[in-house]
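# Architecture and fold: a report
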Amino acid sequence: MTHPFTTRQIPFYLTAAGPCPYLPGRLERKLFTRLEPGDGPALNDALTHAGFRRSQAVLYRPACEGCDACRSARIPVRDYAFTRNNRRVLRANADLVRDELPAHATMEQFELLSRYLDARHGDGDMAGMTFADYAMMVEDGAQRTDIVEYRDPAGVLRAAALIDRLRDGPSLLYSFFDPDMPGRSFGKFIILDAVRWCQENDMPFAYLGYWVPGSAKMAYKSRYRPLEILTPSGWRRFEETEFGRQTEMDFGEE
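Description of the structure in this document. The structure presented is a predicted model; accordingly, all values stated were derived computationally and were not measured.

## Comments concerning the pattern of salt bridges
- Under the defined criterion, the tally for this structure stands at 20 salt bridges.
- Arg-165 is paired through a salt bridge with Asp-146; the nearest N and O atoms lie 3.1 Å apart. Taken together, the positions of Arg-165 in strand E10 (residues 157-166) and Asp-146 in strand E9 (residues 145-151) put the pair 19 residues apart, joining distant regions of the chain. Pair check on accessibility: Arg-165 and Asp-146 agree, each one buried.
- Where Asp-152 meets Arg-158, a salt bridge forms, and the shortest distance between an N and an O atom there is 3.0 Å. Both residues of the pair, Asp-152 and Arg-158, belong to the buried class.
- A cluster of three or more residues bridged by salt bridges with shared partners is formed by Arg-98, Glu-100, Asp-146, Arg-165, Asp-193 and Arg-196.

## A short note on a positive patch on the surface
- There is a patch of like positive charges on the surface, built from Arg-84, Arg-87, Arg-88 and Arg-91.
- Relative to the helices and strands, Arg-84 resides in helix H2 (residues 84-92).
- For Arg-84, a relative accessible area of 68% translates into the label exposed.

## Quick notes on helix H1 (residues 41-49)
- Extensive coverage of H1 is indicated by the burial of seven of its nine residues.
- For H1, every residue scored as buried is listed here: Ala-42, Leu-43, Asn-44, Asp-45, Leu-47, Thr-48 and His-49.
- The positive-phi residue at the C-terminal boundary of H1 is Gly-51, with phi of around 105°.

Each value, and the rule that gives it
- Residues numbered from 1 in each chain as written.
- Predicted model: local features only at pLDDT ≥ 70, side-chain atom pairs only at ≥ 80, totals over all residues.
- Heavy atoms only, no water.
- Salt bridge = Lys/Arg side-chain N within 4 Å of Asp/Glu carboxyl O.
- Helix = DSSP H or I, 4+ residues; strand = E, 2+ residues; numbered from the N terminus.
- Buried < 20%, exposed > 50% of the residue type's maximum accessible area, 1.4 Å probe, protein only.
- Patch = residues over 30% accessible without salt bridge, like charges linked within 9 Å, V, L, I, M, F, W, Y side chains within 5 Å.
- Areas by Shrake-Rupley, 256 points an atom, 1.4 Å probe, with all protein chains shown as cover.
- Lys, Arg positive; Asp, Glu negative; His and termini not counted.
- Charge placed at Lys NZ, Arg CZ, Asp CG, Glu CD.

This is the structure in structure tokens:
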């Protein structure tokens with residue numbers, strides 16, 4: 001039997017309990033393992049499909065006592081039909097030039113990220129991030145990872161997304177954008193552009209990370225339909241009535 005990654009025993013660890021960043025009054029714990037250089041991207045693929053998420057050289061998933069609210073979400077792009085609002089967002093950003101680059105941090109990207117964090121998340125965990133912190137976020141543990149840059153006709157960087165290329169589609173890890181151009185809806189555009197890229201390249205899914213019912217920060221993900229949610233019995237189509245009605249926000253809030 002062949003294996004897509006080394007057959008070493010993979011050690012998993014459990015974090016101590018801490019405040020949940022998504023649901024007030026709850027505690028979170030995470031199960032995690034480290035990506036070793038010899039593992040290659042196949043381990044990232046396998047664990048992402050099992051509900052894990054990559055952050056630098058760590059793969060993790062929630063392991064909270066008495067709570068299973070966090071659900072991995074992906075868009076089955078072959079069935080995705082762009083709505084009127086989707087098409088408006090795509091038209092509004094039709095002038096942007098898309099460029100897929102290796103996962104290498106630049107000062108230009110960092111300056112845009114800093115503006116984004118100051119405007120949107122000044123009191124968040126990433127506030128005060130240094131360039132060295134950003135370089136680790138982009139480059140440490142990169143697994144078939146790209147930085148997708150979006151530039152206006154003058155060459156100004158307006159948005160960027162850190163994306164892992166899984167075997168069946170992109171996993172959108174983090175995005176940031178010019179906070180002074182809200183009419184562009186850059187957060188929505190980045191997701192829609194990923195869906196469009198998948199359709200053009202015959203990739204079946206765009207992975208959005210965790211969706212959390214009841215969390216305003218994560219609510220935007222349920223607005224992309226159809227949507228698949230990972231359940232104990234496998235991936236299945238999201239039904240709004242199962243979890244209650246959600247509202248819309250931009251990608252990049254994670």
